[in-house]
Amino acid sequence: MYARVIERIMDGAIAGVLWGFRIGVVLLVVVGSALTIGSGRHSAETWLALVVSGVVVGSIYALIALGYTMVYGILRLINFAHGEIFMAGTFGGYFVATLLAGIGFLNLNPLTSIISVVVMLAGAMVVSVTLALLVERIAYRPLRNAPRLVPLISAIGASFFLQYMFRGFFGPGIYAYPTVSILDAQVPLGLEGFRMKWIDVLVIVSALVMMAGLFFFTQRTRAGTAIRAVSEDKATAALMGIDVNRAIVMTFAIGAAMAGAAGVLYGLIFRQVYFFTGFVPGIKAFTAAVLGGIGNIPGAMLGGIFLGQVEGVGPTLFLSGLGVPSPNQLRDVIAFTMLVLVLIFRPSGILGERVAHRA
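Residues numbered from 1 in each chain as written. Predicted model: local features only at pLDDT ≥ 70, side-chain atom pairs only at ≥ 80, totals over all residues. Heavy atoms only, no water.

> Help me understand the packing of helix α3 (residues 82-102) against helix α10 (residues 244-270), please; the structure alone is not making it clear to me.
Each pair of packed helices can be summarised by the angle the axes make with each other and by the distance between the axes. Contact pair α3 / α10: the axes reach a minimum separation of 7 Å and the direction vectors enclose 55°. Classified by the interaxial angle, the pair formed by α3 and α10 is oblique. α10 is crossed by α3, and the crossing has right-handed handedness. Listed contacts from α10 to His82, Ile85, Phe86, Gly89, Thr90 and Gly93 of α3 are Gly255, Ala256, Ala259, Gly260, Ala262, Gly263, Val264, Tyr266 and Gly267. For the contact of α3 with α10, the per-class residue count stands at 7 nonpolar, 8 polar and no charged. (Axes fitted to C-alpha atoms, helices over the stretch in contact; angles between N-to-C directions. Helix = DSSP H or I, 4+ residues; strand = E, 2+ residues; numbered from the N terminus. Parallel < 35°, antiparallel > 145°, perpendicular 65-115°, else oblique. Left-handed = near helix turned anticlockwise from the far one by under 90°. Contact = heavy atoms within 4.5 Å. Nonpolar A, V, L, I, M, F, W, Y, C, P; charged D, E, K, R; others polar.)

See below:
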């Protein structure tokens, strides 16, 4: 009797703390936003620049998140090595760009620059897909029928192995991405105080095209239907004549290709790559996949854009009105706080549990 009373008191205290946290964060967001907007310290051009920045970063997160969510959808496995697949693509794009810059092709004229970017994307995708298929064959396939904790540990091990393999091959130093001059030029929008580069346009358009292509592939093609069938029920899909192994391999390949392309876009924006490059973007992309509803492809896309906006606009909107100096330095705090809030209010993610099982 006494123990049950203590347990109820503890449950009530925990529930009170959680509700206090929710109310405190919501009040912080509402009051901070009202004070920031009311102060008028930021111009419309500044807000537009922050929104565009958020869309650009969110597009990269969305491309990476697709790999997390597709693998989870078909294997119920969180592929922690996916961040390193992204990092490998960034390295692949770097070496292709360095080669093209060395022979004077990268910035010879606008046409060669465009061709170079396409070649960089293709090279990065090949590197990432090759590595992902090796990881699937060596680290995951032998453990497919093991308890879920076993492949999870294998994924963490694969992540560390790839990180330190790249460190062993290329050292701990940071490599500077070659500059593609045409992408640094300003887009002639004619808006005073607002500037947008062609690299921003490239990232947004590339992400939209790839995500639309992936959605069409999974919804309108036989291979996509096979992947969705395997994600629903492997045994039944096999009885219907679907090659389960082929569908799983295809899932890893598609997710890795998206991550490789995201690696090149990331390198062109942030101009650097090293063995640890995949860690933070990988964690953010995983966050985006969870925000959208892990296992759901549209959810991963939506989660990436949402997280990018929270990172891009959130710090300035929520904190600058409260007098917090350099609010952009707290963007990671804002992003992960939003993740906690979404998981508290809606544990299945933004798109909800009803569709979360459909990959």
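> Before we go on, may I ask you to explain unusual backbone geometry in this structure?
Across residues other than glycine, the phi torsion is negative in most instances, and most of the peptide bonds are trans. Positive phi outside glycine occurs at Arg271, with the angle close to 60°. If you trace the backbone, Arg271 turns up in the loop between α10 and β2 (272-273).

> What exactly am I supposed to notice about α3 here?
Taking 1.5 Å per residue as the helical rise, α3 with its 21 residues ought to reach 30 Å, and the 30 Å between its terminal C-alpha atoms agrees with that figure. Counted residue by residue, α3 has 16 buried out of 21 residues, so it is predominantly covered. (Expected span 1.5 Å × (residues − 1). Buried < 20%, exposed > 50% of the residue type's maximum accessible area, 1.4 Å probe, protein only.)

> Would you mind going over a nonpolar patch on the surface with me for this structure?
Together, Trp19, Ile23, Val26, Leu27, Leu28, Val30, Val31, Leu35, Leu322 and Phe345 line one region of the surface with nonpolar side chains, adding up to about 910 Å² of accessible area. Tracing the sequence through the fold places Leu27 in helix α1 (residues 2-39). (Patch = residues over 30% accessible without salt bridge, like charges linked within 9 Å, V, L, I, M, F, W, Y side chains within 5 Å. Areas by Shrake-Rupley, 256 points an atom, 1.4 Å probe, with all protein chains shown as cover. Salt bridge = Lys/Arg side-chain N within 4 Å of Asp/Glu carboxyl O.)

> Sorry if this is basic, but what is going on with the packing of aromatic side chains here?
Inspection of every chain in the model, using the stated rule, returns 20 aromatic pairs. Here the aromatic rings of Phe91 and Phe170 are separated by 5.0 Å at their centres, their planes lie at 25°, and the arrangement is stacked. Of the two residues, Phe91 is situated in helix α3 and Phe170 in helix α5 (residues 149-170); the sequence distance between them amounts to 79 residues. Look at Phe91 and Tyr175: their rings are 5.8 Å apart centre to centre, the planes differ by 75°, and that puts the pair in the edge-to-face class. Of the two residues, Phe91 is situated in helix α3 and Tyr175 in strand β1 (residues 175-176); the sequence distance between them amounts to 84 residues. An aromatic cluster of three or more residues is present, and its members are Phe91, Tyr94, Phe95, Phe166, Phe169, Phe170, Tyr175 and Tyr177. (Phe/Tyr/Trp six-rings, centres within 6.5 Å; stacked < 30°, edge-to-face > 60°.)

> Can you walk me through empty space enclosed by the protein in this structure?
Rolled over the atoms, a probe sized like a water molecule indicates the empty space that remains. Applying the stated criterion across every chain yields a total of 2 cavities of 30 Å³ or more. The space that makes up the largest cavity amounts to roughly 60 Å³. Around the largest cavity, the lining residues are Gly67, Val71, Asn79, Ala81, His82, Ile85, Ala132, Val135, Thr251, Phe252, Gly255 and Ala256. Among the elements of the structure, α2 (44-75), α3, α4 (110-140) and α10 are those that each provide at least two residues to the lining of the largest cavity. Sort the elements by how many residues they give to the lining of the largest cavity and α10 lands first, with 4 residues. When grouped by side-chain class, the residues that make up the lining of the largest cavity number 7 nonpolar, 5 polar and no charged. Every residue along the wall of the second largest cavity is listed here: Val180, Leu183, Asp184, Ile199, Leu268 and Arg271. (1 Å grid on protein atoms, 1.4 Å probe; cavity = no way out; pocket = protein on both sides within 12 Å on 5 of 7 lines; lining within 4 Å. Points joined across faces, edges and corners; volume = space filled by probe spheres on them.)

> I keep staring at the side chain of Lys284 and nothing clicks. Help me out?
Looking at the secondary structure, you find Lys284 in helix α11 (residues 279-292). What makes Lys284 buried here is its relative accessible area of 3%. Among all residues touching Lys284, those that are not within four sequence positions of it are Tyr61, Leu307, Glu311, Asp332 and Phe336.

> Looking at this structure, I do not really get helix α12 (residues 297-319). What am I missing?
Count 3.6 residues to each turn of an α-helix, and residues three or four apart come out pointing the same way. The terminal C-alpha atoms of α12, which comprises 23 residues, lie 32 Å apart, in line with the 33 Å expected from a rise of 1.5 Å per residue. Remark: the principal bend of α12, roughly 50°, maps to Val313, with a proline, Pro315, within the next four residues. Among the 23 residues that make up α12, 18 are buried, leaving the element largely enclosed by the rest of the structure. Structurally, the start of α12 carries an N-cap: the backbone nitrogen of Gly299 is 2.7 Å from a side-chain oxygen of Asn296. (Bend = angle between axes of the 7 residues up to and from the residue. Polar contact = N/O pair within 3.5 Å; in protein donor to acceptor, adjacent residues only side chain to side chain.)

> For this particular structure, what's the right way to read the environment of Leu134?
Residue placement: Leu134 occurs in helix α4. Sequence separation between Leu134 and Leu27 is 107 residues; the distance between their C-alpha atoms is 48 Å.

> Mind showing me how you'd approach the packing of helix α7 (residues 198-220) against α12 here?
In the contact formed by α7 and α12, the axes pass within 10 Å of each other and the chain directions differ by 165°. When the interaxial angle is binned, α7 and α12 end up roughly antiparallel. α7 and α12 meet at a crossing whose hand is left-handed. Counted together, Met211, Leu214, Phe215 and Thr218 of α7 and Ile297, Pro298 and Met301 of α12 form the full contact between these two elements. Tallied by class, the residues present in the contact of α7 with α12 amount to 6 nonpolar, 1 polar and no charged.

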